[in-house]
Amino acid sequence: MPPISTLALTAPSADSDALSLALRRFHPQLVLRQASLADGLPSLTGTGVVVALLTGTPLAPAERAALLDFVASGGGLVVLGDRGALLGISEAPVTPQCELIVSVEGTHPISDRLDQRLTIVDASALLPDHVDGEVILRFSWHYRRLPLAIVTRLGRGRLVTFALEGRPPALTDRIVQRLLYRAVRFAAGEAASRTIGAALIGWGAIGSIHAQALQETPGLRLIAVCDTNPQRLEEARRDVPSARTYAQLEAVLGDSEVELAVVSTPPNSHAPIAARFLEAGKHVVVEKPFCLTTAEADRLIDLADRRQRTLTVYQNRRWDADFLAIHQAITSGTIGELFHIETFIGGFRHPCDFWHSHEPISGGLFYDWGAHYLDWILTLVPAPVRSVSASSQKRVWHDVTNADMARILLRFDGGVEAEFIHADIAAAPKPKWYILGTKGAVVASWRNERVVSRAPTGELIEQFFQPADAPATVVVSRRDRGGAIHHEHLELPSPPRWPFHRNLADHLLDSEPLAVLPQQARRTIAVMEAAMWSAAHDATPVAIDDRAI
């Protein structure tokens, strides 16, 4: 995002620091200066966008006229707490501060890819149902849907009016901060809508999921599919008839309409394929695991930096409902200071005979579910990893090259320990999560889900799901002052629709922060690579290059 000269203008009673922090949340390098209306309206010379927080202080007629002249001459103005004056409306009444249910109206660069239903805690002016300008957000109030965000063009400039008052703690809300960031960009004329052309490299089970996400995410468009298997290309043509199909990478690399490549091939091919697309000047998404070695990760990160292209990894399970609940419980301090984590995945069943179970291609058992579980652990514990030790067992499934069981133990700076176990020879599974803190614990237990139906002949049909196909049941246990332990079942949040791909579009089109940084994915690779070495050397602890993000 190019620098935008922005003035944070606040009423005497408003929190200027809170507004500045909100504006910097999505763009830390914003060229920003602060001013208070207590000193009168400052000179606007050289200013691109004014963000005015007017809560509780009406503008004087001369100030209102000066701001409207600024917009008409080509400036941008984003305003909260104005209560309608800049729209030519008599001061509107204001709601109490409460939870407001907000809905998105149509499509607009400010509201693109937001959830269709948002919740914001603030007070809001009760503006008339119909106002001059384009209403892009509305909120429900007493069986009415009133304007919350209005976009108006005045002369050569743009005015974005939020009915929100911006009272504490509204400006610390990530949704409000995101709206302000996008409003500043739009007011500055920066937010031109366009679509990123994407190519899917590898059409399989996960590839078809990427295809659906790319087609359903505004701002992204699947225009090409590449696979060496003719049958899979035929499936792609059937499912996405508008996409071009290629059997060779060279054809995709030379397609000028392809700006983004989604690499959905076996893990041992991730690094060379991703490198070719970065070298060709394309943005790249890599399936998990990122690659197989830290050397590969470093090369890709360096290449993306030199080519100034986006590189990210599809760590989609960061948005799993049970993990979101666990993450909230830990970051909110519910169980106190975290010091011990155990995680588990597996059962007692034959591994698949596909590439997932062939170590030279997949990286081995550590790289399978470990790519998700270790990403979870490193998200929960951001401290540097002090050491990695690991072991593996080969006891039963000799027809595949993966280990039958793998165990990793991480020790972090500060003393936190975390264990991950993946076992295909565990007749009795452990809980998915067992987490201890200084004030309590979190236990996430597997659910045994089934679908029951009746055959045409009348007999019962039961279909059992694999435990990993359903979110775990999450229980928080806490000790009160009397020594009693209280158990609380957490209600899991509804997972968002295509959150990874929406964030990707937000980043590519609106310069919003990337959810999964390649440096984060590199940490996971460093742990797994160290685990492979440790397991091959009698669980010898390994210090890793756990470089800061």
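Right, let's walk through the structure included here. (Residues numbered from 1 in each chain as written. Predicted model: local features only at pLDDT ≥ 70, side-chain atom pairs only at ≥ 80, totals over all residues. Heavy atoms only, no water.)

**Thoughts on the side chain of S111**
Working step 1: Looking at where S111 falls in the secondary structure, it is placed in the loop between β5 (98-104) and β6 (117-122).
Working step 2: Owing to a relative accessible area of 3%, S111 belongs among the buried residues under this scheme.
Working step 3: The residues contacting S111, other than those within four sequence positions of it, are V104, I136, L137 and R182. (Helix = DSSP H or I, 4+ residues; strand = E, 2+ residues; numbered from the N terminus. Buried < 20%, exposed > 50% of the residue type's maximum accessible area, 1.4 Å probe, protein only. Contact = heavy atoms within 4.5 Å.)

**Thoughts on the pairing of strand β1 (residues 6-10)**
Working step 1: In terms of burial, β1 is a largely internal element, five of the five residues being buried.
Working step 2: With burial as the criterion, each face of β1 is covered, one bearing T6, A8 and T10 and the other bearing L7 and L9.
Working step 3: Direction of pairing for β1 relative to strand β3 (residues 49-53): parallel, over a ladder of five bridges. Its bridge partner being in β3, L9 is matched across the sheet by A52.
Working step 4: The pairing of β1 with strand β2 (residues 32-36) spans five bridges and is parallel. From the neighbouring strand, A8 faces β2, where its bridge partner is Q34.
Working step 5: Handedness of the β1-helix α1 (residues 16-24)-β2 crossover: right-handed. (Pairing = 2+ DSSP bridges. Right-handed = clockwise from strand over helix to strand, strands pointing away.)

**What to know about the environment of V542**
Working step 1: Structurally, the position occupied by V542 is in the segment after α13 (518-536).
Working step 2: Judged by its relative accessible area of 17%, V542 is buried.
Working step 3: If we ignore the near neighbours within four places in the chain, the residues touching V542 are R386, S387, V388, A530, W533 and S534.

**So, the pairing of strand β8 (residues 144-154)**
Working step 1: Across seven bridges, the pairing between strand β7 (residues 134-141) and β8 is antiparallel. In the strand pairing of β8, R138 is matched with P147.
Working step 2: The antiparallel hairpin formed by β7 and β8 contains two residues in its connecting segment, where H142 sits at a positive phi of about 50°.
Working step 3: Both β8 and strand β9 (residues 157-162) contribute to a ladder of six bridges, which runs antiparallel. The residue of β9 that forms the bridge with V151 is V160.
Working step 4: In textbook terms, the turn of a hairpin is the stretch between consecutive antiparallel strands, and for β8 and β9 this stretch comprises two residues, one of which, G155, has a positive phi near 60°.

**Here we look at the packing of aromatic side chains**
The geometry of an aromatic ring pair comes down to the distance between the two centres and the angle between the two planes.
Working step 1: Scanning the entire structure with this criterion turns up twelve aromatic pairs.
Working step 2: Arranged with centres 5.0 Å apart and planes meeting at 85°, the rings of Y314 and F500 form a pair that is edge-to-face. Of this pair, Y314 sits in the loop between β15 (311-313) and α9 (321-331) while F500 sits in helix α12 (residues 499-510), and the two are 186 residues apart along the sequence.
Working step 3: The class of Y314 is buried, set by a relative accessible area of 5%.
Working step 4: Ring centres 6.4 Å apart and planes at 25° place the aromatic pair Y373 and W433 in the stacked group. Taken together, the positions of Y373 in helix α11 (residues 370-380) and W433 in strand β20 (residues 433-437) put the pair 60 residues apart, joining distant regions of the chain. Note on accessibility: Y373 and W433 belong to one class, buried.
Working step 5: Three or more aromatic residues joined by ring pairs make a cluster, and in this case those are F323, W369, Y373, W376, F420 and W433.
Working step 6: The side chain of R25 reaches across the aromatic face of F26, ending 5.3 Å from its centre.
Working step 7: Between the NZ or CZ atom of R158 and the centre of the ring of F186, over which it lies, the distance is 4.1 Å. (Phe/Tyr/Trp six-rings, centres within 6.5 Å; stacked < 30°, edge-to-face > 60°. Lys NZ or Arg CZ within 6 Å of the ring centre and 35° of its normal.)

**Points about the sheet that holds β7**
Working step 1: With mixed pairing, nine strands are arranged side by side in an open sheet as β2-β1-β3-β4-β9-β8-β7-β5-β6. With partners counted over all chains shown, the strands left at the sheet margins are β2 and β6, one partner each. With strand direction ignored, the average angle separating the axes of adjacent strands in the sheet is 20°.
Working step 2: Where β3 lies against strand β4 (residues 76-80), five bridges are found, and the strand directions are parallel. Bridged to V51 within β4 is V78. (Axes fitted to C-alpha atoms, helices over the stretch in contact; angles between N-to-C directions.)

**Considering the sheet that holds strand β14 (residues 283-286)**
Working step 1: Here six strands make up an open sheet; going across it, the order is β12-β11-β10-β13-β14-β15 and the pairing parallel. Each edge of the sheet is formed by a strand with only one pairing partner; in this case those strands are β12 (244-246) and β15. Adjacent strand axes in the sheet meet at a mean angle of 25°, parallel and antiparallel pairs treated alike.
Working step 2: Direction of pairing for strand β10 (residues 196-201) relative to strand β13 (residues 260-263): parallel, over a ladder of four bridges. Looking at the pairing, I201 lines up with V263 of β13.

**Some points on the environment of I326**
Working step 1: When you line up the elements, I326 lands in helix α9.
Working step 2: Assessed through its relative accessible area of 0%, I326 is described here as buried.
Working step 3: The spatial distance from the C-alpha of I326 to the C-alpha of F70 is 48 Å, given a sequence separation of 256 residues.
Working step 4: Every residue in contact with I326, bar those within four places of it in the chain, is listed here: L380, W433, I435, V442, A444 and V474.

**Some words on unusual backbone geometry**
Working step 1: Note the cis peptide between P168 and P169, where omega equals 0°.
Working step 2: Secondary-structure assignment places P169 in the loop between β9 and α3 (174-187).
Working step 3: Here the amide bond leading from K288 into P289 is cis, since omega sits at -10°, within 30 degrees of zero.
Working step 4: Looking at the element boundaries, P289 is found in the loop between β14 and α8 (294-307).

**What about the packing of α3 against α12?**
Working step 1: Running from N to C, α3 and α12 cross one another at 30°; their axes reach a closest spacing of 13 Å. On the basis of their axis angle, the class for α3 and α12 is roughly parallel. When you trace α3 past α12, the crossing you get is left-handed. Across from R178, Y181, R182 and R185 in α3, the residues of α12 making contact are D506, L509 and D510.
Working step 2: Across the contact of α3 with α12, the residue classes tally to two nonpolar, no polar and five charged. (Parallel < 35°, antiparallel > 145°, perpendicular 65-115°, else oblique. Left-handed = near helix turned anticlockwise from the far one by under 90°. Nonpolar A, V, L, I, M, F, W, Y, C, P; charged D, E, K, R; others polar.)

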